[in-house]
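# Reading the structure
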Amino acid sequence: MNVVPQQLTAKDFATDQEVRWCPGCGDYAILKALQRTMPEIGATPEKTVFVSGIGCAARFPYYMETYGFHTIHGRAPAFATGIKLSNPELDVWVVGGDGDMLSIGGNHLMHTLRRNVDLQILIFNNEIYGLTKGQYSPTSRVGTRSPSTPQGSVEAPVSAALFALGSGARFVARSVDTDLKHLPIMFKRAHEHRGASLLEIFQNCIVYNDGVFDSFKAPSVASERQVRVEHGKPMIFGAEKNRGLRMRAGVFEIEAVTVGEDGVTVDDILVHDETNRVMANLLASMDSDQLPVALGVLYCNPAPTYEASVLDQAADVRAKSPNADLNKLLRSGYTWTV
Amino acid sequence: MNVVPQQLTAKDFATDQEVRWCPGCGDYAILKALQRTMPEIGATPEKTVFVSGIGCAARFPYYMETYGFHTIHGRAPAFATGIKLSNPELDVWVVGGDGDMLSIGGNHLMHTLRRNVDLQILIFNNEIYGLTKGQYSPTSRVGTRSPSTPQGSVEAPVSAALFALGSGARFVARSVDTDLKHLPIMFKRAHEHRGASLLEIFQNCIVYNDGVFDSFKAPSVASERQVRVEHGKPMIFGAEKNRGLRMRAGVFEIEAVTVGEDGVTVDDILVHDETNRVMANLLASMDSDQLPVALGVLYCNPAPTYEASVLDQAADVRAKSPNADLNKLLRSGYTWTV
Amino acid sequence: MASTAAVAEIRTPREARESVVVRFAGDSGDGMQLTGGQFTQAAALAGNDLATFPDFPAEIRAPTGTTFGVSSFQINFGGRRIKTSGDAIDVLVAMNPAALKVELGNVRDGGVIIVDVGSFSDRNVKRAGFASNPLEDKTLNAYRVIEIDVSALTMEAVKESGLGKKDALRCKNLWTLGLVYWMYARDRQPTVDWLNKKFAKQSGLATANIAALNAGHAFGETAEMEGDVPTYSVAAAKIEPGEYRTVSGGEALAWGLVVGAHKAGLKIMFGSYPITPASPILHILARLKQYGVVTFQAEDEIAAVCSAIGASFAGHLGITSSSGPGIALKGEAIGLAISTELPLIVVNSQRAGPSTGLPTKTEQSDLYQAVYGRNADAPLVVLASRSPSDCFETAVEVVRLATKYMTPVMLLTDGYIANAAEPWLIPDVDDVAPFGVKFRTEVEGFHPFHRDEKTLARNWAIPGTPGLEHRIGGIEKDYDSGHISYDATNHQRMTDTRKAKIDGIANDIPEQAVEQGETSGDIAVVGWGSTYGPIDRAVSNVRAEGHAVSHIHLRHIWPLPRNLGSLLASFKTVLVPEMNTGQLVTVLRAEYLVPAEKVSKVSGQPFKIAEIESAIRARLGA
Amino acid sequence: MASTAAVAEIRTPREARESVVVRFAGDSGDGMQLTGGQFTQAAALAGNDLATFPDFPAEIRAPTGTTFGVSSFQINFGGRRIKTSGDAIDVLVAMNPAALKVELGNVRDGGVIIVDVGSFSDRNVKRAGFASNPLEDKTLNAYRVIEIDVSALTMEAVKESGLGKKDALRCKNLWTLGLVYWMYARDRQPTVDWLNKKFAKQSGLATANIAALNAGHAFGETAEMEGDVPTYSVAAAKIEPGEYRTVSGGEALAWGLVVGAHKAGLKIMFGSYPITPASPILHILARLKQYGVVTFQAEDEIAAVCSAIGASFAGHLGITSSSGPGIALKGEAIGLAISTELPLIVVNSQRAGPSTGLPTKTEQSDLYQAVYGRNADAPLVVLASRSPSDCFETAVEVVRLATKYMTPVMLLTDGYIANAAEPWLIPDVDDVAPFGVKFRTEVEGFHPFHRDEKTLARNWAIPGTPGLEHRIGGIEKDYDSGHISYDATNHQRMTDTRKAKIDGIANDIPEQAVEQGETSGDIAVVGWGSTYGPIDRAVSNVRAEGHAVSHIHLRHIWPLPRNLGSLLASFKTVLVPEMNTGQLVTVLRAEYLVPAEKVSKVSGQPFKIAEIESAIRARLGA
Ligand SMILES: Cc1ncc(C[n+]2csc(CCOP(=O)(O)OP(=O)(O)O)c2C)c(N)n1
Ligand SMILES: Cc1ncc(C[n+]2csc(CCOP(=O)(O)OP(=O)(O)O)c2C)c(N)n1
Ligand code: SF4
Ligand code: SF4
Ligand SMILES: [Mg+2]
Ligand SMILES: [Mg+2]
């Protein structure tokens, strides 16, 4: 419980419950980053709701001193939709793992995105089922050995960002668990965005999938293997900030180039346009060795939110039938008196 | 029942069951087209299985003289996956409406596409729930008035093709119910493709959504409002074959131009590359008045099928443990004798 | 325009009937449901009591002329209390051979059959599965057959309207309706008004349909001279005075929910997914936005129930509805609502199963699913409506129980109730007692699973309330703090408490009354849901012969009324007619160890009075 | 290396015990499950009979030192038949204060408690919720406490291995195991072998762990000189000769399915979705590809069951498995398998609910869901396994019934059975009678719902068979042609037939036997599933005092054995201990009108013998 003080701090968003993740789990960093961000975005505990499904990630609400609903596996977006339709004033966050949101819950995610319900949807993607002890998930790479795939998985994984874009999402962003600078920025952007904001966070499961993102997360390679995209800015990366993304002439493709080599200048570097869905698609699909992993807001292109449209329509109807009287309703149509 | 004759005809694929769609329903034309196509692709009734969910479209299997399974709402891809994993020799078709496949069934569709199970998946998209008497569906346009949306729907629809691409589909095509020339070609292409082939068919529901595709299907506008894309060929359309699609310079966009106007030549016209996912994305999103609707194979880029990989792995395991003996299995690990 | 019925009334001496069963049957596209609906209205306006039974195929418009495409509407109306849609048909209107084929078996010997001979082509006769034309062989010898070329006469009647043949023929049903109006001296005016309104933007269609209606009526007047068409009078029933309307189960249920929510001081968030025969509730509520109703057509039944639970968490009244297969999908989420003790209303419009079954046919086979159909010890409240109008009261009651006890409640109705209509003495909403919900706001001493000592309901604190921030979920909660707890004794205590809460509701519902008969005797016929009508009539029939048979009808299926055990114990035999293989029987036997016997019917069709009567007689040795 | 146990055996005169209960308890990361597993093996190899109870938190690795993070493993082993994992703990190994806190209540008075004092820092003591250090106050007065600084001694023992502190401390469990091995004169060699194999690629870890094991053992030898550590001998049990192994419920069940499929001549298509405690079956089957098993980890439980049904349609044996909440999701699809009459096996590893409940704790609360939990009249077959090894037999039997009767079968097991292990006299697969399935190939006279006259099973014609092309689905089918049918009498007939088919299985299963005692008497204690052990022991205890109490244990829950009604009728009292609020009781009362009484426990923990015994005594007035 919490009586709102004048100036909130991260502590005001922390519950007295013991955090139950494994020591070293990436979820801790995300929790910390979000608890810190909450006061900065002017969140108030009583108006904030965290909704989650089931999984390690989905334990998140227990640790946020706000309203929270730890529901059932895969359905958090549907609960959140009901909450927003009932009280659009609430600031609703949805948290789930890759299994929760993309395996059993993929359909609800798709429909929530396309409806554009005003939610912040955070996927903690560790490419594994943590809570059920390490089976491969729909985001696991081909060849993932797990208790249910002892010889390695054979399925092509789904990309959260591409899936969201294909589903009609209006906001798609990415970050990493341990980046306590970038992550809050993404939280803020997601929060600012009116409508469904999807934020995928690459999260390390130290127990069942340790280091799965090292190829681009490890400090030694991060600057070469990550590109942080920002709207209106050229997409530059590399330790020396001399690498960049360029549109390959005449085809719908992106390539990585080095400024100063082969006549490449800064002007050749593609400027990020977060309102361009095709560009977002290209950025989201950079998963080869030749291209860095794109982090940041890949796509942001607002549209009316679902609950606002629903409310508007209801207001219209009310305006047209101002004296809604239940006795009248029961007597609508033919009646007769005996 | 059917004893296979030497040379099959459309009739050999028709059952003796009375077809139970509304008179004038677009489903009739699709049925006819497919019954005609079956002999041409060398299908044999006993090796062919039609699997469907629930809806008007999902009645399809009853009319095909093959094996058929009319299952439950939304789950047909999952049944089909089980069938293929059991007997990969079977030629399995999945049929469903927009509600069946994209509302309740969206998740199974996504996972089946990403796994790349070797199926032909046909979505009869009439942008409405037919069988339940006309409620709007996830493909219905904003503003659709229906029994459940008397003031018009407010949700942005999902695009089957974009959703499939975002889900990792390796084959995405589109056609229309009444085009008895184009439809068989699409059936053949879908059938040829090893892996999950998604074919969306714009289908008219004469009772609940009559004419919803007229803006591009009506004979009077078809040639101006449709572009039939073919791999390796310039994307030309129009009654006079002088309209075409062009890449807008420097941005990831497509525009419609007229050859011979403003200095546009045939060489400027974009050549369709069905292996390019970004191009497919652009083609699938052409839904404004300025651009024609793209029909044909938007994307085809084969990858190993799921069941083949599963079988390969099983074969590997068998090769490594040739003498799989059940008594040995029960005695694996520590045992002792009393 | 003056009343068109009055004239006929004066001119014709009519055979008086206490009650009559009319069935309109034709192709799915023949408009039989509309015809029946209009006739129902006319009977109601004439002061008859009535009950209806719309019966239609799963196909939207099955191919014309097929037996599986036959759509029917049956109405039983009379000058006495009408409890069922009738066992046997007095007047069958068969628009084509297929309709005749399907319905013939239900026409009473000597009954009237009106056929459109224009539709009895060889092809149609064969298509319907007749070996030869039934109009020409002995098939119809036992009946009074009135052969009319309705098709031709309709074409003739609407000639002036300029409609094409197809559209013109669509007016056949109105022609027939006109004729039947004539037979029973019914007022055409409301139908004329309705047509004018319905086709306000297509006045050609209005004119044509009205012309057909009038022509059918006129045909009756003329033919009657020649004695071809029998005419009847059916007096007004003696019914309680007041303002009436006809109401379908779907309407009464939707309105009951809205009134209940109003009495609770809550707004409704209704999350649903279309399915036959549950969809009408969604359709009706979607038109009630001005009453604070939000409807949400979800992507599937799971999302629907989850959205409703989310709404309840947020302080709305979360409601969901579906039919059997869809309810099955909601089971897991209902468990969460039980575990988090949130109010939730789940309406189940039962249909014939298993699986897809016969979607448009009725059944009562989801009682097991309602009472037992979830994982773990997960008790909830179950009620059942007995008739269309009863849906209103039960709907109000489920809102009261769900909110007072912070619990999911399942309301069982069925395809028959959902679609059937009956006259309804419209209640005054102000007479319904309010039961306002109080959200928790007091910060001191709050925890989410703090309970009311008497009801055992937990307090309801909704997001937005300062100082009451809390987290709930499906993991077991500590009794004393509401935090998650894996403690063994606590789980036992919480399980016991959840059960005690539901069991305790037995003290907040009325004792079980006896509908008809004494509180002890030879046979108690125990029913629930839509079997009410036929049981009632069957019991009154055997009682009329002096047998000690009583009718007990349950509204509360779980928990059961507290006196039910002793009540049943005072009968020698307990007989339970159900449209399933014996589900309530299981519950009663298990609860009370009474040797209750089932009378089971699982054909997708409601019980006939005679079927129940004969089951009673068999036990009476009568 | 020579046997390390032999030496000790010679030097030490040991206190003899008939049976002993040891419980290892520590943090989730302390490796208690591994320790217990190794000790189990050692007990088995020593010829003891035994039963185990692994008990762990839902969190993967909850924060160290918390009570909710305690993971335990209990084993009851002895020289007599062991039926349960034991009511009270004889020897508790508590790796930290939290473990002591959680488990203390279960240690018998005078029991031995071994604590790692190295972990009893003030912080840990407080974290565990002790007001003061229990080693210093009177908390442990009633016990024999052995305080050892296991942490320090382990560090010391593995010093040479060069492991960091964290990794070194990870060897604590092996040190403790070594000590307990010493106490019971158990052979270390198999554990040494196992460590060498497990850490084949990290030989440093192998060496360190072996060093810790040996050091713990050596500590015992030394301490014993001083009389600090008690030593015992537990003789080998008199058990049937043959080849044995320890087996968990998950293993036995998976193997039973594979053997059953082999006997049916079918390949398995296993579609599942991970969930506690059902996942082990998936994991085990995923490693059996060489036996013709295909495993499919679906996107959810619905896809899992649908894929299994699809597989059965295609001629494989479709199997799915889950736990309560996941089974709830499968209900709709199971209805389709019932309607289409396809074989399907649904394994339900029950866990404590409702909703998410206590995922790692055991319960038997899905019996309602199994028997009644679907829409419509949808009967299927339900069996329950009573113990880990019994899973093998029941698994074979469900395959037989599913394929012979073309029906879904639900097999109930629970979290306790799934994880517990017991010694198993390994059967010879060749002794299991085959029951080969015959697919239909004959074209003449075929239709898909053509039935065997005796079993009422429909014929199974699989895609790929020329001439048998057909369509099936969830809509009602015509009895005589298999085509879809909306006919009323046909629906009645098909419903009756589906029911008769399942009911008829009662004639194909053994009559209910009495496990212990006479076939009539004062009290029949009726159990099902994993309550077998405690009921058996409780009944034998009261029987030893001469009471007329019998133990009846059901494997077949639906249909019930044909003689069960008369059997129960011959007892004055029927008592049903269940880990739920009384579910089998409902079924028995409803079926047989016997006044069966429940003995209910819903705490997520198995019954203690004493709990059942006292329930029996209460009825005996003893
Ligand atoms: C209906 C249902 N099915 C399955 C489960 C078991 N389950 C719990 S969490 C989970 C997946 C966890 O993976 P993810 O969502 O990626 O979360 P993580 O633990 O990795 O954070 C599963 C399968 C469940 N609780 N409920
Ligand atoms: C579990 C379940 N939910 C709902 C339904 C009801 N239902 C049947 S078909 C259908 C949707 C039909 O729309 P679509 O899939 O687009 O097919 P169409 O009839 O338009 O061809 C629905 C909601 C059902 N049969 N089962
Ligand atoms: S299992 Fe993995 S994801 Fe779950 S808490 Fe542990 S480290 Fe984190
Ligand atoms: S309702 Fe529409 S989709 Fe269904 S059969 Fe009729 S016309 Fe076709
Ligand atoms: Mg995960
Ligand atoms: Mg549709």
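Keep in mind that what you see is a predicted model, and the values were worked out from it rather than measured.

## Digging into the coordination of the magnesium ion (ligand 5)
Residues and elements named next belong to chain A.
- Listed as protein donors to the magnesium ion (ligand 5) are D98 (OD), N126 (OD1) and I128 (O); their distances from the metal cover 2.1 Å.
- Within one chain, the residues serving as donors to the magnesium ion (ligand 5) are arranged as D-x27-N-x1-I. Of this pair, D98 sits in helix α3 (residues 98-103) while N126 sits in the loop between β4 (120-125) and α5 (160-167), and the two are 28 residues apart along the sequence. Of the two residues, D98 and N126, both sit in the buried class.

## Some points on the coordination of the magnesium ion (ligand 6)
- Protein coordination of the magnesium ion (ligand 6) is provided by D98 of chain B (OD), N126 of chain B (OD1) and I128 of chain B (O), with donor distances spanning 2.1 Å.
- Each donor residue of the magnesium ion (ligand 6) belongs to the same chain, and together they define the spacing D-x27-N-x1-I.

## Quick notes on unusual backbone geometry
- Backbone torsion omega between W558 of chain C and P559 of chain C reads -5°, so that peptide bond is classified as cis.
- Following the sequence through the fold, P559 of chain C ends up in the loop between β20 (556-558) and α19 (564-569).
- Note that the residue after G353 of chain D, namely P354 of chain D, is joined by a cis bond; omega there is 5°.
- Here P354 of chain D lies in the loop between β13 (344-350) and α14 (367-372).
- The backbone of E127 of chain B sits at a positive phi, close to 55°, despite the residue not being glycine.
- Checked against the element boundaries, E127 of chain B lands in the loop between β4 (120-125) and α5 (160-167).
- Judged by its relative accessible area of 8%, E127 of chain B is buried.
- Despite not being glycine, S355 of chain C has its phi angle at roughly 55°, a positive value.
- Take S355 of chain C: it is sitting in the loop between β13 (344-350) and α14 (367-372).

## Details of the pairing of strand β14 (residues 381-384) of chain C
Residues and elements named next belong to chain C.
- Taking every second residue as pointing to the same face, both faces of β14 are buried, with V381 and L383 on one and V382 and A384 on the other.
- Where β14 lies against strand β15 (residues 408-414), four bridges are found, and the strand directions are parallel. Bridge assignment links L383 to a residue of β15, and that residue is L411.
- Handedness of the β-α-β unit built from β14, helix α15 (residues 390-405) and β15 comes out right-handed.
- Of the pairings in the sheet, the one linking β14 to β20 comprises two bridges and is antiparallel in character. Bridge pairing in β20 links L383 to H556.

## Examining the packing of helix α2 (residues 32-45) of chain C against helix α8 (residues 189-198) of chain C
Residue and element names in this part refer to chain C.
- Taken N-terminus to C-terminus, the directions of α2 and α8 make an angle of 135°; their axes are 10 Å apart at the nearest point. Taken as axis vectors, α2 and α8 run oblique relative to one another. The chirality of how α2 crosses α8 is right-handed. Every residue of α8 that contacts α2 at L34, Q38 and L45 is listed here: P190, T191, W194 and K198.

## A short note on the site of ligand 4
- What surrounds ligand 4 is the set W21, C22, C25, C56, N126, Q203, C205, I206, V207 and Y208 of chain B together with I60 of chain C.
- Of the residues belonging to the shell around ligand 4, the class tally is nine nonpolar, two polar and no charged.

## Concerning the interface of chain A and chain C
- Between chain A and chain C, the contact holds 56 residues from the first and 72 residues from the second.
- Roughly 5,600 Å² is buried in total at the junction of chain A and chain C, and carbon and sulfur atoms are behind 64% of that figure.
- Contact with chain C buries surface across chain A, with Y67, Y334 and W336 of chain A losing the most and accounting together for 16% of the total.
- Across the contact surface, chain A and chain C share three salt bridges.
- Here E243 of chain C ties to R331 of chain A by a salt bridge, and the two come within 3.2 Å at their closest N and O atoms.
- Residue composition of the side of chain A that touches chain C, grouped by class: 25 nonpolar, 21 polar and 10 charged.
- The pairing of strand β2 (residues 67-70) of chain A with strand β17 (residues 471-473) of chain C spans three bridges and is parallel. Within β17 of chain C, the residue paired with G68 of chain A across the bridge is R471 of chain C.

## Remarks on the interface of chain B and chain C
- On the chain C side, the residues contacting the 30 residues of chain B number 28 residues.
- Taken together, the two surfaces of chain B and chain C that pack against each other cover about 2,200 Å², and 55% of this comes from carbon and sulfur.
- The tally of links from chain B across to chain C stands at three salt bridges.
- Residue E59 of chain C is joined to R20 of chain B by a salt bridge in which the shortest nitrogen-to-oxygen separation is 3.3 Å.
- Linking chain B with chain C are 11 residue pairs in polar contact (both at pLDDT 80 or more), by the criterion used here.
- Of the residues assigned to the side of chain B that touches chain C, the class counts are 15 nonpolar, nine polar and six charged.

## Some words on the environment of T360 of chain D
All names here are of chain D.
- Of note, T360 is situated in the loop between β13 and α14.
- We classify T360 as buried; its relative accessible area is 13%.
- Along the backbone, T360 and G604 are 244 residues apart, and their C-alpha atoms lie at a distance of 8.5 Å.
- Filtering out sequence-adjacent residues up to four positions away, T360 remains in contact with F56, P57, A58 and T276.
- Polar contacts involving the side chain of T360 include one to the main-chain carbonyl oxygen of F56, which spans 2.5 Å.

## Some thoughts on helix α13 (residues 324-340) of chain D
Residues and elements named next belong to chain D.
- Here α13 is 17 residues long and its end C-alpha atoms lie 24 Å apart, about the 24 Å a rise of 1.5 Å per residue gives.
- Where α13 bends most, the angle comes to about 50°, and this point is G331.
- Immediately downstream of α13, the backbone of E341 shows phi near 50°, a positive value.

## Points about the packing of aromatic side chains
- Throughout the structure, instances matching the rule amount to 58 aromatic pairs over all chains.
- Taken together, a centroid distance of 5.0 Å and an interplanar angle of 75° make the contact between W21 of chain A and Y63 of chain A edge-to-face. With W21 of chain A in the segment before α1 (27-40) and Y63 of chain A in the loop between β1 (48-52) and β2, this residue pair connects regions lying 42 residues apart in the sequence.
- With a centroid separation of 5.4 Å and 70° between ring planes, the pair formed by F39 of chain D and F77 of chain D is classed as edge-to-face. Of this pair, F39 of chain D sits in helix α2 (residues 32-45) while F77 of chain D sits in strand β4 (residues 70-78), and the two are 38 residues apart along the sequence.
- We classify F39 of chain D as buried; its relative accessible area is 0%.
- In textbook terms, an aromatic cluster arises when at least three aromatic residues are bridged by ring pairs, as seen for W21, Y28, F50, F60, Y63, W93, F124 and F187 of chain A.

## A few points about the packing of helix α5 (residues 150-158) of chain D against helix α7 (residues 172-183) of chain D
Residue and element names in this part refer to chain D.
- Remark: α5 packs on α7, axes separated minimally by 9 Å, with the N-to-C direction vectors making an angle of 100°. Taken together, the axis directions place α5 and α7 in an arrangement best described as roughly perpendicular. Of the residues in α7, those touching α5 at V150, S151, L153 and T154 are K172, W175 and T176.
- Here the residues of the contact of α5 with α7 sort into three nonpolar, three polar and one charged.

## Comments concerning the confidence of the model for chain C
- The share of residues in chain C with pLDDT of 70 or more is 97%, and the mean pLDDT across the chain is 94.
- Scored below 50 in pLDDT, residues 1-10 of chain C makes 13 contacts in the model with residues more than four places away or belonging to other chains.

Here is what the cut-offs are and how they apply
Residues numbered from 1 in each chain as written. Chains lettered and ligands numbered in written order. Predicted model: local features only at pLDDT ≥ 70, side-chain atom pairs only at ≥ 80, totals over all residues. Heavy atoms only, no water. Donors = N, O, S within 2.8 Å, 3.2 Å for Na, K, Ca; no water. Helix = DSSP H or I, 4+ residues; strand = E, 2+ residues; numbered from the N terminus. Buried < 20%, exposed > 50% of the residue type's maximum accessible area, 1.4 Å probe, protein only. Pairing = 2+ DSSP bridges. Right-handed = clockwise from strand over helix to strand, strands pointing away. Axes fitted to C-alpha atoms, helices over the stretch in contact; angles between N-to-C directions. Parallel < 35°, antiparallel > 145°, perpendicular 65-115°, else oblique. Left-handed = near helix turned anticlockwise from the far one by under 90°. Contact = heavy atoms within 4.5 Å. Near = heavy atom within 4 Å. Nonpolar A, V, L, I, M, F, W, Y, C, P; charged D, E, K, R; others polar. Buried area = accessible area lost by both parts, 1.4 Å probe. Salt bridge = Lys/Arg side-chain N within 4 Å of Asp/Glu carboxyl O. Polar contact = N/O pair within 3.5 Å; in protein donor to acceptor, adjacent residues only side chain to side chain. Expected span 1.5 Å × (residues − 1). Bend = angle between axes of the 7 residues up to and from the residue. Phe/Tyr/Trp six-rings, centres within 6.5 Å; stacked < 30°, edge-to-face > 60°. pLDDT = per-residue confidence, 0-100.

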